[in-house]
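# Architecture and fold: a report
Letter by letter, the chains look like this.
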There are 2 protein chains.
Amino acid sequence: MSKRRTQILRAAVRVIAQDGVRGLRVDKLATEAGVSTALIYYHFKDRSGVLHSALDHINHNALSYTAITLAADPLEQLQEMLLLELQDTDDVRENSIAWGELRASAVFDHDLREALRATTRQRNADVEALLHQAGVTDDPALTAEHLTVLVEGLSERWHSGSITVERAREILTRAVRTLAGQ
Amino acid sequence: MSKRRTQILRAAVRVIAQDGVRGLRVDKLATEAGVSTALIYYHFKDRSGVLHSALDHINHNALSYTAITLAADPLEQLQEMLLLELQDTDDVRENSIAWGELRASAVFDHDLREALRATTRQRNADVEALLHQAGVTDDPALTAEHLTVLVEGLSERWHSGSITVERAREILTRAVRTLAGQ
DNA sequence: TAATCCTGACTAAATTTTCAGTCAAACCGC
DNA sequence: GCGGTTTGACTGAAAATTTAGTCAGGATTA
């Protein structure tokens, strides 16, 4: 992928994290990326194309975050993986907010839905696999879905200021123990 | 509050539920409310003023429509109350989508946060009270928060087309049983 | 130099916001 | 109760602004 392209996408994540998908203006994006608006149209078909690619990019980021998990025990690994999205560091927060925005936008933008659905399914599958490894046999698919939904919900509450990260992490930790623990 | 004003706000909720906060056009709102665009500026300072009032309005609605529960058993009552937001009827869907939009908007609009926080807290308290009645003694506040977050997450997934209502209800029902049941 | 990358300047369309003015009802001194 | 006056609710139309998207051509690099 071209250097410029990623430069623009990185800027897009920043803008989305700051103003939302709703607030993403091509003009502002150009300024943030330090390029002209025309260049954006050179690299992407249109605004919606930027959004789509940004979604991929965000998704990619999220995946790479979750790949850093080291724990040996699958249950611990699962917990670590889920908790990764609830970390108050600039990178994670930015990505998590952007990701939340894309989910929220998909409610009204049907074009985003398919991509979102695929990622969501993938994520569920990953969690389900870990649950399996951890020896959970009682409908692990449902538990997986429960947990991923919970992370999304906690994430949104955190970003909208209705809960602290610490509390969110506490709820999630406890949930893993209750739903998947022994 | 003037009759016209509420008429406009009601229309705003409908428009927001259909097109989202970002998709609210003053013009379309006027048509939906059956008034002229100028009247909107007569009653509200500007577009952003309408949005703000509309989101307050939605916030109010969200509180009032959870009160209709009838079941005798507190656990059943709890389940009914939580499931209320996961019903595929026009009224509920509209309200639920609008409420989701409010939450999503609060991520970027700090003015909305206080109102949202209050409602969320109230909701948690209601659920916690029912858990108490149901004989849950092990950190009911945390369980309450877990459940309300879960409803929000499921709601958003449903509206963005990543899950069916039926599946969402299944997950929630099971969650209530697991977390609060015997 | 030819392909690729990139920009300033621009346009068309969409959208918000203003404004001059209408109309009906309330108010007031008589 | 009655002309005259003020006020609040409301509108049509147009101005002002915002925003996505285009295009002709300049720079860069292979």
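In what follows, the accompanying structure is described. (Residues numbered from 1 in each chain as written. Chains lettered and ligands numbered in written order. Predicted model: local features only at pLDDT ≥ 70, side-chain atom pairs only at ≥ 80, totals over all residues. Heavy atoms only, no water.)

## Points about the relation of the copies chain A and chain B
Superposition of chain A onto chain B requires a rotation of 178° combined with a translation of 0.2 Å along the rotation axis, giving an RMSD of 1.2 Å. Put plainly, the chains are arranged around a two-fold axis. A share of 96% of the interface residues of chain A reappears at the interface of chain B, consistent with the copies meeting face to face through the same patch. (Least-squares fit on C-alpha atoms with pLDDT ≥ 70 in both. Contact = heavy atoms within 4.5 Å.)

## Comments concerning helix H5 (residues 74-83) of chain B
Among the residues of H5 of chain B, those classed as buried are Pro74, Leu75, Leu78, Met81, Leu82 and Leu83 of chain B. If you follow the buried residues of H5 of chain B, they end up packed against helix H7 (110-133), helix H8 (140-159) and helix H9 (165-180) of chain B. (Buried < 20%, exposed > 50% of the residue type's maximum accessible area, 1.4 Å probe, protein only. Helix = DSSP H or I, 4+ residues; strand = E, 2+ residues; numbered from the N terminus.)

## With respect to the protein's contact with DNA strand D
Around DNA strand D, 14 residues are found, and the nearest of them are Arg25 and Arg47 of chain A together with Arg4, Ser36 and Tyr42 of chain B. Counting only the atoms of DNA strand D that lie within 4 Å of the protein, the sugar and phosphate share comes to 70%. Taking Ser36 of chain B, its side chain carries an N or O atom lying 2.8 Å from a phosphate oxygen of DNA strand D. One of the side-chain N or O atoms of Tyr42 of chain B is found 2.4 Å from a phosphate oxygen in DNA strand D. (Near = heavy atom within 4 Å. Polar contact = N/O pair within 3.5 Å; in protein donor to acceptor, adjacent residues only side chain to side chain.)

## A look at the protein's contact with DNA strand C
Around DNA strand C lies a shell of 15 residues, among which Arg4, Ala38 and Tyr42 of chain A together with Arg25 and Tyr41 of chain B are the nearest. Close to the protein, within 4 Å, the atoms of DNA strand C are drawn from sugar and phosphate at a rate of 67%. Contact distances for DNA strand C include 3.5 Å between a phosphate oxygen and a backbone N or O atom of Leu24 of chain B. Separating a phosphate oxygen of DNA strand C from a side-chain N or O atom of Arg47 of chain B is a distance of 2.9 Å. Listing elements by their share of the surface near DNA strand C, those giving two or more residues are helix H3 (37-43) of chain A together with helix H2 (26-33) and helix H3 (37-43) of chain B. Looking at the surface near DNA strand C, the element that brings in the most residues is H3 of chain A, giving 4 residues.

## Things to note about the interface of chain A and chain B
Taken together, the contacts link 47 residues of chain A with 45 residues of chain B. Both faces considered, chain A and chain B share a buried interface measuring about 3900 Å² in area, 55% of it formed by carbon and sulfur atoms. Considering only the side of chain A, the residues that lose the most area to chain B are Phe108, Leu142 and Arg157 of chain A, jointly responsible for 18% of the buried surface there. Here Glu145 of chain A ties to Arg167 of chain B by a salt bridge, and the two come within 2.7 Å at their closest N and O atoms. The set of elements that each furnish at least two residues to the side of chain A that touches chain B consists of helix H1 (3-19), helix H6 (90-106), helix H7 (110-133), helix H8 (140-159) and helix H9 (165-180) of chain A. Here the element with the most residues in the side of chain A that touches chain B is H8 of chain A; it accounts for 13 residues. (Buried area = accessible area lost by both parts, 1.4 Å probe. Salt bridge = Lys/Arg side-chain N within 4 Å of Asp/Glu carboxyl O.)

## What to know about the layout of surface pockets
What the largest pocket holds in volume is close to 320 Å³. The wall of the largest pocket is formed by 17 residues, among which Arg22 of chain A together with Val21, Arg47, Leu51 and Ser105 of chain B lie closest to the centre. Contributing elements (two or more residues each) for the lining of the largest pocket: helix H4 (47-64) and helix H6 (90-106) of chain B. The biggest single contributor to the lining of the largest pocket is H4 of chain B, with 5 residues. Looking at the lining of the largest pocket residue by residue, the classes come out as 6 nonpolar, 5 polar and 6 charged. When residues of the lining of the largest pocket are sorted by domain, at least three fall in each of domain 1 (3-53) and domain 2 (65-180) of chain B. What lines the second largest pocket is a set of 15 residues, and nearest its centre among them are Val21, Arg47, Ser105 and Asp109 of chain A together with Arg22 of chain B. The element that contributes the greatest number of residues to the lining of the second largest pocket is helix H4 (residues 47-66) of chain A, accounting for 3 residues. For the lining of the second largest pocket, the residue count by class is 4 nonpolar, 4 polar and 7 charged. (1 Å grid on protein atoms, 1.4 Å probe; cavity = no way out; pocket = protein on both sides within 12 Å on 5 of 7 lines; lining within 4 Å. Points joined across faces, edges and corners; volume = space filled by probe spheres on them. Nonpolar A, V, L, I, M, F, W, Y, C, P; charged D, E, K, R; others polar. Domains from an automatic or database assignment.)

## With respect to the pattern of salt bridges
A full pass over the atoms with the stated rule returns 30 salt bridges over all chains. Two residues, Glu152 of chain B and Arg157 of chain A, come together in a salt bridge whose shortest N-O distance is 3.0 Å. Here Glu152 of chain B is found in helix H8, whereas its partner Arg157 of chain A is found in helix H8 on a different chain. Each member of the pair, Glu152 of chain B as well as Arg157 of chain A, is classed as buried. Here Arg93 of chain B ties to Asp90 of chain B by a salt bridge, and the two come within 3.1 Å at their closest N and O atoms. Here the residue Arg93 of chain B and the residue Asp90 of chain B both occupy positions in helix H6, the gap between them amounting to 3 residues, near one helical turn. Note on Arg93 of chain B: relative accessible area 29%, which makes it partly exposed. For Asp90 of chain B, a relative accessible area of 56% corresponds to the exposed category. Ionic contacts of the salt-bridge type, sharing partners, join the residues Arg103 and Glu152 of chain A together with Glu156 and Arg157 of chain B into one network.

## Quick look at the nonpolar core
Residue and element names in this part refer to chain B. Formed by 29 residues in total, the largest nonpolar core has its most connected members in Leu29, Ile40 and Ile58. Those elements that provide at least two residues to this core are helix H1 (3-19), H2, H3, H4, H6 and H7. With 7 residues, the single largest contributor to this core is H1. The residues that make up this core include at least three from each of domain 1 (3-53) and domain 2 (65-180). (Core = buried A, V, L, I, M, F, W, Y, C linked by side-chain atoms within 4.5 Å.)

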